[in-house]
There are 4 protein chains.
Amino acid sequence: MSTTENLRVAVVGAGAMGSDHVRRITSTIAGADVVAVVEPDVARATAAAAKAPGAITAASFEDALDATPIDAVIVATPGFLHEPVLVPAIERGLAVLCEKPLTTSAEDSFRIVELEQATSDRPRIQVGFMRRFDRGYQELKALRESGANGALLALHHAHRNPTTPPNFSESMLIHDSVIHEIDIIPFLTGEPIVSVEVKKPRRNSLAPADLPEPQFVLFTTASGTMSIVEISVNAQFGYQVTTDAVFESGVAYIGRETTMHVVSAGVSGQGVTPSYIERFGAAYDEEVQRWVDAARNGGIDGPSAWDGYTASVVAEVTVRAQQSGALEHVTYATAKPAFYEPTTAGAGALAGVGPTTTGPTR
Amino acid sequence: MSTTENLRVAVVGAGAMGSDHVRRITSTIAGADVVAVVEPDVARATAAAAKAPGAITAASFEDALDATPIDAVIVATPGFLHEPVLVPAIERGLAVLCEKPLTTSAEDSFRIVELEQATSDRPRIQVGFMRRFDRGYQELKALRESGANGALLALHHAHRNPTTPPNFSESMLIHDSVIHEIDIIPFLTGEPIVSVEVKKPRRNSLAPADLPEPQFVLFTTASGTMSIVEISVNAQFGYQVTTDAVFESGVAYIGRETTMHVVSAGVSGQGVTPSYIERFGAAYDEEVQRWVDAARNGGIDGPSAWDGYTASVVAEVTVRAQQSGALEHVTYATAKPAFYEPTTAGAGALAGVGPTTTGPTR
Amino acid sequence: MSTTENLRVAVVGAGAMGSDHVRRITSTIAGADVVAVVEPDVARATAAAAKAPGAITAASFEDALDATPIDAVIVATPGFLHEPVLVPAIERGLAVLCEKPLTTSAEDSFRIVELEQATSDRPRIQVGFMRRFDRGYQELKALRESGANGALLALHHAHRNPTTPPNFSESMLIHDSVIHEIDIIPFLTGEPIVSVEVKKPRRNSLAPADLPEPQFVLFTTASGTMSIVEISVNAQFGYQVTTDAVFESGVAYIGRETTMHVVSAGVSGQGVTPSYIERFGAAYDEEVQRWVDAARNGGIDGPSAWDGYTASVVAEVTVRAQQSGALEHVTYATAKPAFYEPTTAGAGALAGVGPTTTGPTR
Amino acid sequence: MSTTENLRVAVVGAGAMGSDHVRRITSTIAGADVVAVVEPDVARATAAAAKAPGAITAASFEDALDATPIDAVIVATPGFLHEPVLVPAIERGLAVLCEKPLTTSAEDSFRIVELEQATSDRPRIQVGFMRRFDRGYQELKALRESGANGALLALHHAHRNPTTPPNFSESMLIHDSVIHEIDIIPFLTGEPIVSVEVKKPRRNSLAPADLPEPQFVLFTTASGTMSIVEISVNAQFGYQVTTDAVFESGVAYIGRETTMHVVSAGVSGQGVTPSYIERFGAAYDEEVQRWVDAARNGGIDGPSAWDGYTASVVAEVTVRAQQSGALEHVTYATAKPAFYEPTTAGAGALAGVGPTTTGPTR
């Protein structure tokens with residue numbers, strides 16, 4: 001594929017997320033076209049493909065590969081269906097953007113990491129942790145790296161969703177929600193998570209009866225930096241994701257975006273984002289545009305399969321900590337392979353991205 | 001052109017703005033390709049074209065038209081060179097995105113408006129007033145239209161630039177800077193400007209010696225809504241554009257965007273956008289994407305040539321008010337032609353755009 | 001009176017303001033006792049005096065003077081009744097805190113100024129412009145005096161009341177409301193007001209039918225610093241008083257006090273002060289405590305009778321400007337007498353008061 | 001003592017805190033006079049007494065009692081000297097405002113509680129936990145009591161001091177600093193603390209070498225509401241005390257007070273309070289005024305000796321938790337005696353105090 005030609009993308013899964021990626025690739029991203037929508041539900045497949053002029057529909061990934069030339073694939077199926085798409089995609093050398101989780105277990109994820117290293121000379125799988133593309137997290141990482149306020153000592157994360165869908169279980173607090181902090185903590189601190197503990201405050205009576213939430217999850221990274229994550233998934237008022245970072249000589253806050261401010265009827269304030277879509281929409285756009293740009297050059301520009309694997313490990317240990325109430329230690333199968341270091345050509349890992357404004361410290 | 005094919009765009013002018021549009025179309029906009037860069041300065045032309053794989057360079061717009069098929073043109077030359085591009089573009093039925101000003105005089109702009117109506121069955125020229133695509137202004141317009149806080153009575157605008165380039169004259173305060181408020185006031189109020197007056201407070205000693213600024217410009221629209229624009233072009237600290245809107249039963253503020261907040265060394269605060277690029281970058285992206293989408297369907301989706309003409313009229317009267325110190329009345333050559341009404345197919349005029357969140361009033 | 005004894009205060013007028021001063025002196029101010037409440041309405045007098053153990057009631061100021069030893073007087077009657085209390089108070093050498101206005105005309109106020117100079121060796125009359133004791137205005141004045149951001153070029157004032165009492169007339173916009181900005185502008189700029197102009201935007205339909213408001217009042221001080229005052233007295237949502245100051249190299253905002261912030265039901269915000277009492281309650285306490293402290297030492301520590309006189313002059317010219325629609329010039333009967341200069345012993349004029357924190361410029 | 005006469009106060013201890021109370025009683029509090037300063041250091045005693053006209057100095061509390069009539073005592077000595085003043089004060093039926101801690105051990109504090117109940121028919125000892133008089137905490141308590149956002153589930157507290165004095169030890173993190181949260185958590189939640197655990201993140205290298213800080217202290221109250229206290233005592237940037245409260249359907253923030261906001265040199269922000277004096281000065285004034293008012297009527301209006309005792313218990317257990325790293329349970333010697341219930345005449349316990357504004361939920 002010449003870089004003057006658009007990336008030909010198959011979107012696998014046409015649920016809310018996959019369908020939104022079809023729209024995004026078609027309507028807001030430069031350099032890529034959706035050429036196939038893979039989805040066994042014909043009505044869904046047809047509806048999604050209608051957004052992408054020229055895209056075919058297929059019931060399976062293999063059918064799509066047979067029907068049309070494909071350069072890259074976005075995996076947006078439920079997690080347990082990721083591996084059957086990832087394996088043939090890797091084997092054919094396609095660029096991959098895989099929604100989180102990489103797979104549903106650390107063990108499976110490690111197999112993907114091994115397969116990728118065995119079949120490619122550089123990372124081709126990017127995992128859809130979109131928060132790394134949010135301006136706030138990027139600025140916070142840059143502030144830590146600048147050293148302007150000394151070492152990073154502690155992080156307070158609030159992660160609040162308005163309500164849970166039916167059948168939302170306690171372990172889903174971790175696998176579906178806290179998984180984002182599990183990814184972003186190493187991103188912000190530059191260090192792996194080494195231990196985790198879960199605390200359960202008074203239960204929110206507005207949550208389903210069998211769901212003990214909110215919870216506090218305490219993560220510690222290699223140098224001792226401690227992160228407290230408050231996860232609340234029935235907070236009612238809207239969607240809110242914030243991080244307060246405690247440095248040696250300063251504190252930084254992100255996630256308190258401001259839009260129109262209205263003073264009316266005794267109240268001075270503004271709207272709250274109703275869901276992750278409004279809060280992180282720009283991050284999704286940035287994520288996909290940068291993945292397309294990198295994929296056209298044979299690389300990735302975001303979290304790698306290794307990041308997907310380590311997140312799986314930590315999530316599994318965290319669920320164990322939910323059950324044990326004890327401090328649980330995290331161990332990884334191997335040290336991080338050189339293959340996944342950002343110096344590897346094409347694995348940008350968000351190095352040096354974004355605005356470098358670091359607020360009043362400059 | 002089929003809607004499944006990308007819009008073939010010629011960018012005329014490869015200065016800072018034109019060159020940025022080449023990058024934008026190529027790297028962040030879906031559905032369009034830059035096929036030609038028109039610029040007599042060969043080095044500039046070559047540098048800009050290098051960002052767009054496959055684009056040719058040409059010394060004149062006519063040369064470009066002869067050399068390659070073109071669907072649409074972005075006009076990014078100095079203002080006095082707009083008309084020689086606009087005329088052949090209209091005559092050939094091309095889609096046009098013309099950076100402000102439409103032309104350098106109200107008289108010339110009116111000729112363009114007449115030519116467009118004579119040669120097309122609907123508006124094809126969109127003028128680059130990008131603020132209409134800023135989320136804040138869209139939310140404020142939606143709040144006014146909702147009637148939630150009653151009628152809009154008054155607007156306070158602050159428009160502050162850090163420093164002026166050499167040879168920045170007093171009339172450029174209006175033609176280069178306040179021109180944005182001249183466009184946005186009718187957008188927000190839904191009414192034309194009918195009179196203007198200029199007040200000159202104590203001069204900023206940090207401005208060039210012959211530049212009397214800041215200035216207050218007072219605009220009144222048809223129903224009596226009054227706008228006070230503070231224009232400061234040597235404010236030193238950064239770039240800031242805000243609007244406070246006074247409704248009958250509430251007040252709304254926009255333009256106080258929040259990014260990372262840092263508490264350090266006795267100060268609690270955040271960075272200021274250094275220039276219009278950081279402040280309105282997302283608005284430019286939105287503007288161009290929506291113009292591309294509309295142009296592929298034969299229309300526009302933003303300010304029309306009529307808006308460009310009326311802005312020229314008001315700007316000319318405002319410069320007269322700068323000199324006279326008196327209240328000056330604004331008159332337009334004709335009433336707004338039905339041709340430019342949003343109900344005309346293709347002239348979206350930003351109707352119903354954007355998030356409808358209106359803050360605490362809901 | 002020895003400084004070890006409390007100041008014996010007569011409060012003249014037992015309406016809302018006078019009654020509140022009785023409570024304040026008795027319950028929150030050190031070093032003073034209310035010894036007399038002067039009020040012809042017996043029920044009001046008795047109710048107010050009940051808050052001050054040991055205080056007598058009297059139907060007239062003269063009766064109170066005959067009945068009990070008095071060191072100082074707070075004048076809280078309607079404005080047209082101030083002069084009959086001020087004259088005997090000055091003649092007897094009492095300390096005076098006179099609610100605004102000093103008198104109801106510039107001519108009458110000038111007579112008071114002349115009488116005070118003729119009968120006392122230093123100012124004894126303080127006028128109740130309480131905003132000078134608000135922390136925000138004090139910080140803004142200190143910032144201007146520090147020169148940290150260069151000269152002060154312009155001020156945007158918003159002065160918003162929720163609703164008007166019955167019979168509120170157009171001139172009362174000036175005499176009752178804008179009078180506070182008329183006092184605070186010289187305080188902030190260090191210069192007298194030299195001209196004024198009034199602009200009338202679209203009328204608020206929620207205001208009484210014969211009241212044309214909001215209005216913009218444009219004041220210019222001696223060096224050319226321009227102040228725009230937006231006065232809105234039927235703003236519905238609550239009480240809000242803010243000032244934005246435009247310096248040569250920075251901007252400062254005051255009046256956006258923060259209390260508890262609540263995120264709930266899709267809104268992130270906080271309450272608005274319902275009236276001037278919540279907004280300026282601490283300023284009133286500070287004003288009275290400092291007046292008591294100064295009065296026990298024979299002086300004043302706040303706006304003088306001269307400040308009361310000049311405010312009367314500007315208010316009269318502003319009402320003329322409301323009617324004429326033209327720029328009106330302000331002239332004073334004399335230059336400021338040395339008698340009223342802060343260097344005069346006892347006339348503190350708020351020199352060097354308050355926290356010197358000047359925000360991020362340090 | 002008649003309520004028309006001022007409360008005659010002895011201030012015991014003329015260090016920074018005691019000396020400031022002499023100034024406060026004399027200069028800003030209504031209804032009280034300092035009649036004696038008790039301090040063995042003659043220079044200190046004389047300097048403090050100079051602020052209070054008519055006050056005598058004494059080397060011991062007994063000497064003061066012999067020398068002049070005393071109604072009330074403020075205890076501002078180091079903690080280990082509190083008991084020798086409290087005992088005779090209680091036995092003589094004096095009103096007492098005792099700076100924290102009540103005594104230096106839970107055992108000693110319990111003896112005071114027993115003595116008070118044995119010798120008085122109602123509480124006469126108020127403990128100087130001034131945060132209860134801070135507007136933010138009062139509003140937060142009122143919001144919880146209103147039930148507007150459901151039950152209170154969790155609290156995030158940040159408690160940051162700029163630097164530590166010499167010889168500041170790890171246990172002082174609890175006894176000197178976190179003691180304020182130990183008092184305020186029961187105040188906010190309406191429940192006693194039942195367990196505590198301490199976590200130690202990465203050490204701040206700017207702290208003294210033997211001081212492991214910051215620390216996270218996790219308190220749980222009776223219903224399971226969990227409080228995380230971040231204590232940082234070498235935060236460098238200034239003094240900051242905030243609380244974020246997580247309710248079932250909303251979140252509330254306090255402690256982010258706003259003063260003048262300055263935009264200058266690329267930064268938009270405001271000053272940080274340098275110490276607890278600026279942050280809680282108004283709370284101290286409110287505390288003392290309300291104590292004086294209550295003491296004149298034979299009661300207290302704030303935290304009682306029981307609150308002082310329970311805080312001592314929790315502080316001792318917390319220091320144990322610092323050392324053990326384990327979850328430690330808190331037990332009290334008895335249930336709360338009816339003697340200390342707010343329904344007891346005179347024990348106001350801040351019931352129903354302060355503004356009831358609860359932000360956007362109204």
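Residues numbered from 1 in each chain as written. Chains lettered and ligands numbered in written order. Predicted model: local features only at pLDDT ≥ 70, side-chain atom pairs only at ≥ 80, totals over all residues. Heavy atoms only, no water.

Here we look at helix 9 (residues 305-324) of chain C
Residue and element names in this part refer to chain C.
And step 1. Taking 1.5 Å per residue, 20 residues should reach 28 Å; helix 9 reaches 29 Å between its end C-alpha atoms and fits that length.
And step 2. Within helix 9, 16 of the 20 residues are buried, leaving the element largely enclosed by the surrounding structure.
And step 3. Between a side-chain oxygen at the N-terminus of helix 9 and the backbone nitrogen of Trp-306 the separation is 3.2 Å; the capping residue is Ser-304.
And step 4. Phi for Gly-325, located one or two positions after helix 9, is positive at around 70°. (Helix = DSSP H or I, 4+ residues; strand = E, 2+ residues; numbered from the N terminus. Expected span 1.5 Å × (residues − 1). Buried < 20%, exposed > 50% of the residue type's maximum accessible area, 1.4 Å probe, protein only. Polar contact = N/O pair within 3.5 Å; in protein donor to acceptor, adjacent residues only side chain to side chain.)

Focus: the packing of aromatic side chains
And step 1. Scanning the model with the defined rule gives 24 aromatic pairs over all chains in all.
And step 2. A centroid spacing of 5.0 Å and a plane angle of 55° characterise the contact between Phe110(A) and Tyr309(A), whose relative ring orientation is tilted. Linking Phe110(A) in helix 5 (residues 106-119) with Tyr309(A) in helix 9 (residues 305-324), this pair joins segments that are 199 residues apart in sequence.
And step 3. Classification of Tyr309(A) as buried rests on a relative accessible area of 3%.
And step 4. Aromatic pair Phe339(D) and Tyr340(D): ring centres 4.8 Å apart, planes at 80°, arrangement edge-to-face. With respect to burial, Phe339(D) and Tyr340(D) carry one shared label: buried.
And step 5. One residue, Arg279(B), lies across the ring of Phe280(B), its end atom 4.3 Å from the ring centre. (Phe/Tyr/Trp six-rings, centres within 6.5 Å; stacked < 30°, edge-to-face > 60°. Lys NZ or Arg CZ within 6 Å of the ring centre and 35° of its normal.)

Focus on the interface of chain B and chain A
Where interface size is given, it is often the accessible area lost as the parts come together that is meant.
And step 1. If you look at the interface, chain B gives 40 residues, while chain A gives 40 residues.
And step 2. Carbon and sulfur atoms make up 62% of the area that chain B and chain A hide from each other, which totals about 2,900 Å².
And step 3. For the pair chain B and chain A, the number of links is zero salt bridges.
And step 4. Put simply, chain B and chain A have 11 residue pairs in polar contact (both at pLDDT 80 or more) between them.
And step 5. Those elements that place two or more of their residues in the side of chain B that touches chain A are helix 1 (16-27), helix 6 (135-146), strand 12 (250-254), strand 13 (261-264) and strand 14 (267-271) of chain B.
And step 6. Of the residues assigned to the side of chain B that touches chain A, the class counts are 16 nonpolar, 20 polar and four charged.
And step 7. Where strand 13 (residues 261-264) of chain A and strand 12 of chain B come together, four bridges link them in antiparallel fashion. Residue pairing in the sheet places His261(A) in a bridge with Tyr253(B) of strand 12 of chain B. (Contact = heavy atoms within 4.5 Å. Buried area = accessible area lost by both parts, 1.4 Å probe. Salt bridge = Lys/Arg side-chain N within 4 Å of Asp/Glu carboxyl O. Nonpolar A, V, L, I, M, F, W, Y, C, P; charged D, E, K, R; others polar. Pairing = 2+ DSSP bridges.)

A few points about the domain arrangement of chain A
And step 1. Domain parsing of chain A yields domain 1 (7-129 + 335-361) and domain 2 (132-281).
And step 2. Computed from C-alpha atoms alone, the centre-to-centre distance between domain 1 of chain A and domain 2 of chain A is 26 Å. (Domains from an automatic or database assignment.)

What about the sheet that holds strand 4 (residues 72-75) of chain A?
Residue and element names in this part refer to chain A.
And step 1. If you trace the six strands from one edge of the open sheet to the other, you get 3-2-1-4-5-6, paired in parallel fashion. Every other strand in the sheet has two partners, leaving strand 3 (56-58) and strand 6 (125-127) as the edge strands with one partner each. Strand-to-strand twist in this sheet, taken as the mean axis angle between neighbours without regard to direction, amounts to 25°.
And step 2. Taken together, the six bridges between strand 1 (residues 7-12) and strand 2 (residues 32-38) define a ladder with parallel strand orientation. Looking across to strand 2, one finds that Val-11 is bridged to Val-37.
And step 3. On the sheet, helix 1 (residues 16-27) packs against strand 1, strand 2 and strand 4 and is oriented at approximately 155° with respect to strand 2.
And step 4. Against the sheet, helix 8 (residues 276-296) touches strand 1, strand 2, strand 4, strand 5 (95-98) and strand 6, its axis set at about 160° to strand 5. (Axes fitted to C-alpha atoms, helices over the stretch in contact; angles between N-to-C directions.)

Let's talk about the packing of helix 4 (residues 83-91) of chain B against helix 5 (residues 106-119) of chain B
All names here are of chain B.
And step 1. At their nearest, the axes of helix 4 and helix 5 sit 10 Å apart, and the two run at 10° to each other. Here helix 4 lies roughly parallel to helix 5, going by the angle between them. Contact residues: helix 4 offers Glu-83, Leu-86, Val-87 and Ile-90, while helix 5 offers Asp-108, Arg-111, Ile-112, Leu-115, Glu-116 and Thr-119.
And step 2. Split into classes, the residues belonging to the contact of helix 4 with helix 5 amount to five nonpolar, one polar and four charged. (Parallel < 35°, antiparallel > 145°, perpendicular 65-115°, else oblique.)

Here's the deal with the UniProt feature "domain: Gfo/Idh/MocA-like oxidoreductase N-terminal" (unreviewed entry) in chain A
And step 1. The UniProt entry lists residues 7-122 of chain A under the feature "domain: Gfo/Idh/MocA-like oxidoreductase N-terminal" (unreviewed entry), expressed in the numbering used here.
And step 2. Helix and strand shares over residues 7-122 of chain A are 43% and 21% respectively, and the end C-alpha atoms of the span are 19 Å apart. (UniProt positions renumbered as here; feature names shortened; annotations may be inferred.)

Things to note about the relation of the copies chain B and chain A
In summary, the two copies of the chain are related to each other by a rotation about an axis coupled with a shift along it.
And step 1. Take chain B, turn it by 180°, move it 0.1 Å along the axis, and it overlays chain A with an RMSD of 0.1 Å. Both copies are brought into coincidence by an operation consistent with a two-fold rotation axis. For chain B, the minimum C-alpha distance to the rotation axis belongs to Ala30(B) and amounts to 2.2 Å.
And step 2. Mapped onto chain A, 100% of the interface residues of chain B are again interface residues, and the two copies thus contact each other with one and the same surface. (Least-squares fit on C-alpha atoms with pLDDT ≥ 70 in both.)

Some remarks on the relation of the copies chain D and chain C
And step 1. If you rotate chain D by 180° and push it 0.1 Å along the axis, it lands on chain C with an RMSD of 0.1 Å.
And step 2. Here 100% of the contact residues of chain D are again contact residues in chain C; the copies associate through an equivalent surface.

Side note on the interface of chain D and chain C
And step 1. Opposite the 40 residues of chain D that make contact, chain C presents 40 residues.
And step 2. At the boundary of chain D with chain C, total buried surface from both sides reaches about 2,900 Å², with 62% on carbon and sulfur atoms.
And step 3. Counting the contacts that link chain D with chain C gives zero salt bridges.
And step 4. Linking chain D with chain C are 11 residue pairs in polar contact (both at pLDDT 80 or more).
And step 5. Secondary-structure elements contributing two or more residues to the side of chain D that touches chain C are helix 1 (16-27), helix 6 (135-146), strand 12 (250-254), strand 13 (261-264) and strand 14 (267-271) of chain D.

Thoughts on the sheet that holds strand 1 (residues 7-12) of chain C
Residues and elements named next belong to chain C.
And step 1. An order of 3-2-1-4-5-6 is seen for the six strands of this open sheet, with the pairing classed as parallel. Across the chains shown, the open sheet's two edge strands, defined by having one partner strand only, are strand 3 (56-58) and strand 6 (125-127). Neighbour-to-neighbour, the strand axes of this sheet turn through a mean angle of 25°, independent of strand direction.

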